[in-house]
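A closer look at the structure
The chain contents come next:
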Amino acid sequence: MLITDVEVQAAACRDRVDQRLQRRWRKAWRDGGAEALRSKGPVSREKLGPQQWSRLEMELRKGPLAHGFANDQRWTLGRIKTLIGRLFHVGYTPEGVWKLMRRHGWSCQVPVRQALERDEEAVAVWKAEVWPQIKGWRATWAPTSASRTRQARG
């Protein structure tokens with residue numbers, strides 16, 4: 001079956017990809033079927049071996065303070081990148097660090113630890129009494145208008 005340029009262009013537009021990529025996909029499908037279109041995994045090989053990754057995880061669990069990041073107790077991509085460079089003399093970009101962490105099941109999270117000075121009773125009181133006063137009432141469902149001269153019709 002001969003595919004015309006118009007059909008390739010329409011399919012590429014529909015799939016939001018380049019026409020050359022669309023042709024490559026069609027050829028792969030024609031030659032190998034659906035199996036040929038399956039993902040073959042990450043394009044690049046990981047720079048860290050299994051033992052290095054285990055050590056990195058162990059070091060990350062120690063926290064940023066153990067590695068000289070005293071001003072904030074959160075791991076950032078830049079800090080992890082620096083740590084990898086210090087430990088293994090391997091260069092990663094922040095985007096590469098993000099992909100590496102996701103590949104190994106890590107995600108962006110709020111820190112588990114809380115301040116030692118935190119007073120749970122004071123927090124509960126603040127949430128129950130102070131926050132409702134600050135927050136105010138919820139807006140009604142009725143439509144409103146930003147215009148000063150013409151109010152919305154309700």
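Residues numbered from 1 in each chain as written. Predicted model: local features only at pLDDT ≥ 70, side-chain atom pairs only at ≥ 80, totals over all residues. Heavy atoms only, no water.

Take the overall build of the protein chain next. Helix and strand counts for the protein chain stand at six helices and zero strands. The order of helices and strands in the protein chain, counted from the N terminus, is α-α-α-α-α-α. Nonlocal contacts in the protein chain, meaning residues at least 24 apart in sequence, comprise 34% of its contacts between residues at least 6 apart. Accessible surface, the protein chain as shown: approximately 13,400 Å² in total, 55% of it carbon and sulfur. (Helix = DSSP H or I, 4+ residues; strand = E, 2+ residues; numbered from the N terminus. Contact = heavy atoms within 4.5 Å. Areas by Shrake-Rupley, 256 points an atom, 1.4 Å probe, with all protein chains shown as cover.)

What follows deals with the environment of G91. Note on placement: G91 falls in the loop between helix 4 (77-88) and helix 5 (94-103). For G91 and K81, which are ten residues apart along the polypeptide, the C-alpha to C-alpha distance reads 7.5 Å.

This paragraph deals with the confidence of the model for the protein chain. Detailed reading of the predicted model is not advised wherever pLDDT is low. Looking at the protein chain as a whole, its pLDDT mean stands at 82, while 83% of the residues score no less than 70. When mean pLDDT is compared element by element in the protein chain, helix 4 scores highest at 94, while helix 1 (residues 5-15) scores lowest at 76. (pLDDT = per-residue confidence, 0-100.)

Relative to each other, helix 3 (residues 50-62) and helix 4 sit at 125 degrees, their axes nearing to 11 Å. Judged by the inter-axis angle, helix 3 sits oblique to helix 4. In the crossing of helix 3 with helix 4, the sense of the turn from one axis to the other is right-handed. In this structure, helix 3 contributes Q52, R55, L56, E59 and L60 to the contact, and helix 4 contributes I80, L83, I84, L87 and F88. (Axes fitted to C-alpha atoms, helices over the stretch in contact; angles between N-to-C directions. Parallel < 35°, antiparallel > 145°, perpendicular 65-115°, else oblique. Left-handed = near helix turned anticlockwise from the far one by under 90°.)

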